[in-house]
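Report on the structure
Here's the letter readout for the chains.
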Amino acid sequence: MRPALPEVVIPREEAVFRLDARGRWCNRHGVFRNRRISDHFHAAIRCDAGGYHLRQELPDRVEKVYFPYEDTALFVVQVSLGDPVALTLNTRRRIALDPERLFVRGESLYLALDGERAKFTERAMLKLSEAMELTEAGYALRVGGRVHPIPELELEASPCGR
């Protein structure tokens, strides 16, 4: 059995990168341009009692870098229409859409996830819009022959919130 590696923790205030409201990694020079680095960062997102952080296991240590973010750290980045509708998060996690967990806040679409929330990227929202319709009561999603109204809700802090 391998001994536990020492853990190096970088607090949020010392992180040299952040996640913007559109799900893009940024540093003092602006938005990351290298897609592979961004994808690696997204896949490394974890949550614990201290909040969202990037976790990376190196040969001699485990690094946890808590990072600032605008709005949320979780994003729906891909939508596959079907029955059920399949979603892929920025963390690479795949889930089936439960339409009852959708909500709108402002001009953004979100999915409630066990106390956390994932925001739909523009691309994912555009794909999902193929199954949406505007009713007298507001937006609704039509899947599996049923129409699911999408309520407008206030944002609640998540367990990994700031």
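Read on for a plain summary of the structure. (Residues numbered from 1 in each chain as written. Predicted model: local features only at pLDDT ≥ 70, side-chain atom pairs only at ≥ 80, totals over all residues. Heavy atoms only, no water.)

**Concerning the packing of aromatic side chains**
Going by this rule: What counts as a ring pair is set by centres within 6.5 Å for rings of Phe, Tyr and Trp (its six-membered ring), and what kind of pair is set by the plane angle: stacked under 30 degrees, edge-to-face over 60, tilted for all other angles. Under the scheme used here, helices are H or I runs from DSSP no shorter than 4 residues and strands are E runs no shorter than 2 residues, and both carry numbers assigned from the N terminus. Accessible area is worked out with a 1.4 Å probe on protein chains only. A residue is then buried under 20% of its type maximum, exposed over 50%, and partly exposed in between.
The tally for this structure, following the rule as stated, stands at eight aromatic pairs. Consider the rings of Trp25 and Phe41, whose centres lie 5.3 Å apart with planes at 75°: the pair is edge-to-face. In this pair, Trp25 is assigned in strand β3 (residues 25-27) and Phe41 in helix α1 (residues 35-43), connecting sequence segments 16 residues apart. Residues Trp25 and Phe41 agree in their burial class; the two are buried. Ring-pair connections join several aromatic residues into one group, and the members of that group are Phe17, Trp25, Phe32, Phe41, Tyr52, Phe67 and Tyr69.

**Section: the nonpolar core**
Formally: Only buried residues count toward a nonpolar core, which is a set of Ala, Val, Leu, Ile, Met, Phe, Trp, Tyr and Cys residues joined through side-chain atoms within 4.5 Å.
If you look at the biggest cluster of nonpolar residues, it comprises 37 residues, and the most contacted ones within it are Trp25, Phe67, Leu87, Leu102, Phe120 and Leu128. Residue assignment for this core shows that the elements contributing at least two residues are β6 (51-57), β8 (74-80), β9 (86-89), β11 (102-105), β12 (108-113), β13 (116-120), α2 (122-128) and β15 (138-143). Here the element with the most residues in this core is β8; it accounts for four residues.

**Concerning the sheet that holds strand β7 (residues 62-66)**
Applied cut-off: DSSP-based pairing: two strands are paired if at least 2 bridges between them are found. For every element, the axis is a line fit to its C-alpha atoms; helices are fit only across the contacting stretch, and the angle between N-to-C directions ranges from 0 to 180 degrees. Contacts between residues were defined by any pair of non-hydrogen atoms, one from each residue, lying within 4.5 Å.
Here we have four strands laid out as an open sheet, ordered β1-β7-β6-β5, and mixed in their pairing. The two strands at the open ends of the sheet, each matched to only one other strand, are β1 (7-10) and β5 (45-48). With strand direction ignored, the average angle separating the axes of adjacent strands in the sheet is 30°. Packed on one face of the sheet, α1 meets β5 and β6 and runs near 25° to β5.

**A word on the pairing of strand β16 (residues 146-149)**
In this sheet, β16 lies alongside β15 in antiparallel orientation, the contact comprising four bridges. Opposite Leu141, over in β16, you have His148 as the bridge partner. In this antiparallel pair of consecutive strands, β15 and β16, the connection spans two residues, and Gly144 shows a positive phi of 55°.

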